[in-house]
Amino acid sequence: MAILRVAQLGHPVLRAEAEPVSPEEIGSGELNSLIGDMIDTMRDYAGVGIAAPQVRVSKRLFVIEVRGTDRYGNAELFPLTVVLNPTLTFPTDEQSHDWEGCLSAEGLRGLVPRYTRAHLEGLDQDGVALSLDLEGFPAIVAQHETDHLDGRLYLDRMTDLKSLGFLDELARYHRSAPRPDPAEAG
Ligand code: NI
């Protein structure tokens with residue numbers, strides 16, 4: 001297991017369309033080692049999710065985990081979940097704007113519109129089909145991570161860049177800004 005360096009905004013891997021994980025790769029030592037490293041890296045960076053392109057591997061997989069730490073004390077908890085080849089659908093049109101950050105855009109936060117509910121399908125680490133109904137914070141994280149696989153960052157989803165700022169300044173001057181909470185998504 002290793003903690004990997006997270007690619008930062010400007011690295012082309014963050015803008016590439018990632019390749020599907022092939023059936024042959026599932027269960028392989030190489031893929032399982034990558035997944036282990038992604039989990040270690042997410043936890044070390046205190047993220048709530050990380051997608052493979054963020055560790056410079058252009059494949060369609062991500063991990064999500066929201067733990068009851070102080071930092072994310074207000075967010076809905078979500079158990080460690082590995083998703084290969086995810087697809088998302090949205091059962092309602094309802095959206096909300098919430099603060100997001102990204103391990104690949106360190107220190108920044110902005111208000112991003114996201115669907116409040118999402119249905120996530122894909123495969124787990126062993127290739128078993130997953131089907132999850134998500135709501136609230138985990139639904140936001142799943143949308144954020146799936147976007148990474150399509151070369152999309154939360155900044156692209158913002159409808160008003162005026163809310164974009166560095167966390168320290170936002171916490172000082174914006175009443176609604178995260179403090180020190182949430183969503184350093186992934
Ligand atoms: Ni991210």
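Structure shown above.
No experiment lies behind these values; they were computed from the predicted model shown. (Residues numbered from 1 in each chain as written. Predicted model: local features only at pLDDT ≥ 70, side-chain atom pairs only at ≥ 80, totals over all residues. Heavy atoms only, no water.)

**Focus: the nonpolar core**
Part 1 of the reasoning: Counting residues in each nonpolar core, the largest one holds 18 residues, and the members touching the most others are Phe 62, Ile 64, Leu 120 and Leu 134.
Part 2 of the reasoning: Mapped onto this core, the elements with two or more residues apiece are strand S2 (61-66), strand S3 (78-89), strand S6 (117-123), strand S7 (129-135) and helix H2 (137-149).
Part 3 of the reasoning: Sort the elements by how many residues they give to this core and H2 lands first, with five residues.
Part 4 of the reasoning: If near-sequence neighbours (up to four positions away) are discounted, Leu 120 is found in contact with Phe 62, Val 83, Pro 86, Thr 87, Leu 88, Leu 130, Ser 131, Leu 132 and Leu 134.
Part 5 of the reasoning: Residues Val 21, Met 38, Ala 52 and Leu 61 belong to the second largest nonpolar core, which totals 16 residues. (Core = buried A, V, L, I, M, F, W, Y, C linked by side-chain atoms within 4.5 Å. Buried < 20%, exposed > 50% of the residue type's maximum accessible area, 1.4 Å probe, protein only. Helix = DSSP H or I, 4+ residues; strand = E, 2+ residues; numbered from the N terminus. Contact = heavy atoms within 4.5 Å.)

**Structural notes on the pairing of S3**
Part 1 of the reasoning: Sheet topology places S2 next to S3; five bridges connect them, and they run antiparallel. Bridge assignment links Val 66 to a residue of S3, and that residue is Phe 78.
Part 2 of the reasoning: Pairing of S3 with S6, which is carried by four bridges, proceeds in the antiparallel orientation. By the bridge assignment for S6, Thr 89 is matched with His 119. (Pairing = 2+ DSSP bridges.)

Interpretation in functional terms is not warranted from these geometric data alone.
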